[in-house]
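Structural description and commentary
What follows is each chain in one-letter form.
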Amino acid sequence: MRTITKEESKIKILKLIIMFSIGAIFGGLFFLGIFYYIQNTSYVQIPSIEDLKGLKVTEVGKILKKEGLQTEKFFGGGNLKLIIPESGSLVKRGRKIQIYGDQEINEGIFIPNLYGVHYLIGVDILKNLGLNVNLVKINYPGADGRILASYPSFESTISNLEKINLLVDNGEIGGNK
């Protein structure tokens, strides 16, 4: 009689191991399915500029909002000129997108807030807006190459004939060059 109980306990343990294994497999498949669903539904591709050519920045903002993206600010009220991040990029829903448009007559050029942005990106943005850019480099603690300030100041409106000066971090004070 004792051997029967040993065999029964071995069968019970084997059943528990099999049930645990089946549960782990189905649980893993369920987790992978949910993970795959979340990954594929939380990203959206930014439309290409060619597809949006000729549209006003306000219309482009509405299109991006329908895709689940947020627009940070509209720079210029004319036709679409530039999207950051680049059009065609795959980004998460809810991300802030900057839209730059042509300047309308007598509107002036709005200088976006580029504090902390790497100067190469900032210069590219400002040149795309039609501004002449002058760099002033200083030694300042922190990451090299970031924009610290501008003259005229960020978030002001200027004519496209003016030159803008960017104060750029050139490296640590007393650091090696």
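Everything below is about the structure shown above.
These lines cover the structure that appears in this document, whether it is placed above or below. (Residues numbered from 1 in each chain as written. Predicted model: local features only at pLDDT ≥ 70, side-chain atom pairs only at ≥ 80, totals over all residues. Heavy atoms only, no water.)

So, the overall build of the chain
Worth spelling out the cut-off: Helix numbers and strand numbers start at the N terminus; a helix is a DSSP run of H or I with at least 4 residues, a strand a run of E with at least 2. For the exposure calls, accessible area comes from a 1.4 Å probe over protein chains only, and a residue counts as buried if that area is under 20% of its type's maximum, exposed if over 50%, partly exposed in between. Whether two residues are in contact is decided by their heavy atoms, any of which lying within 4.5 Å being enough. Here, Shrake-Rupley sampling with a 1.4 Å probe gives the accessible areas, and only protein chains in the shown set may cover a residue.
When its secondary structure is counted, the chain shows four helices and ten strands. Relative to its 177 residues, the chain shows a buried fraction of 28%. Here the contacts in the chain between residues at least 6 apart in sequence split such that 66% fall between residues at least 24 apart. Accessible surface, the chain: about 11900 Å² in total, of which carbon and sulfur atoms supply 59%.

Some points on the nonpolar core
Under the convention used in this document: Definition used in this section: a nonpolar core is a set of buried Ala, Val, Leu, Ile, Met, Phe, Trp, Tyr and Cys residues joined via side-chain atoms within 4.5 Å.
Counting residues in each nonpolar core, the largest one holds 18 residues, and the members touching the most others are Leu-126 and Leu-166. Put simply, the parts of the chain that give this core at least two residues each are α4 (119-128) and β10 (163-169). Per element, the largest residue contribution to this core is four residues, and it comes from α4. Apart from residues lying up to four places away in sequence, Leu-126 is in contact with Ile-111, Pro-112, Leu-114, Leu-131, Val-133, Ile-164 and Leu-166. In this structure, Val-44, Ile-83, Val-91 and Ile-99 belong to the second largest nonpolar core, which totals twelve residues.

Some details on the side chain of Ser-156
As a reminder, the rule being used: Counted as a polar contact is a pair of N or O atoms within 3.5 Å, where, for protein atoms, one must be capable of donating a hydrogen and the other of accepting one, and residues adjacent in sequence contribute only when both atoms are in side chains.
Along the chain, the position of Ser-156 falls in the loop between β8 (147-151) and β9 (157-158). Overall, Ser-156 belongs to the buried group, its relative accessible area being 18%. Separated by 2.6 Å, the side chain of Ser-156 and the backbone oxygen of Ser-153 make a polar contact. Apart from the residues within four sequence positions on either side, Ser-156 is in contact with Ile-109, Phe-110 and Ile-111.

Considering the pairing of strand β5 (residues 96-101)
Applicable threshold: In this analysis, strands are considered paired if DSSP registers two or more bridges between them.
Most of β5 is tucked away: five of the six residues are buried. With four bridges connecting them, strand β3 (residues 80-84) and β5 associate as antiparallel partners. The partner of Ile-83 across the bridge, within β5, is Ile-99.

What about the pairing of β10?
As defined by bridge partners, strand β7 (residues 132-138) adjoins β10 across seven bridges and the pair is classed as parallel. In the sheet register, Asn-132 faces β10, and the bridge partner there is Lys-163. Pairing of β8 with β10 involves four bridges; the strand directions are antiparallel. Of the residues in β10, the one forming a bridge with Ala-149 is Leu-167.

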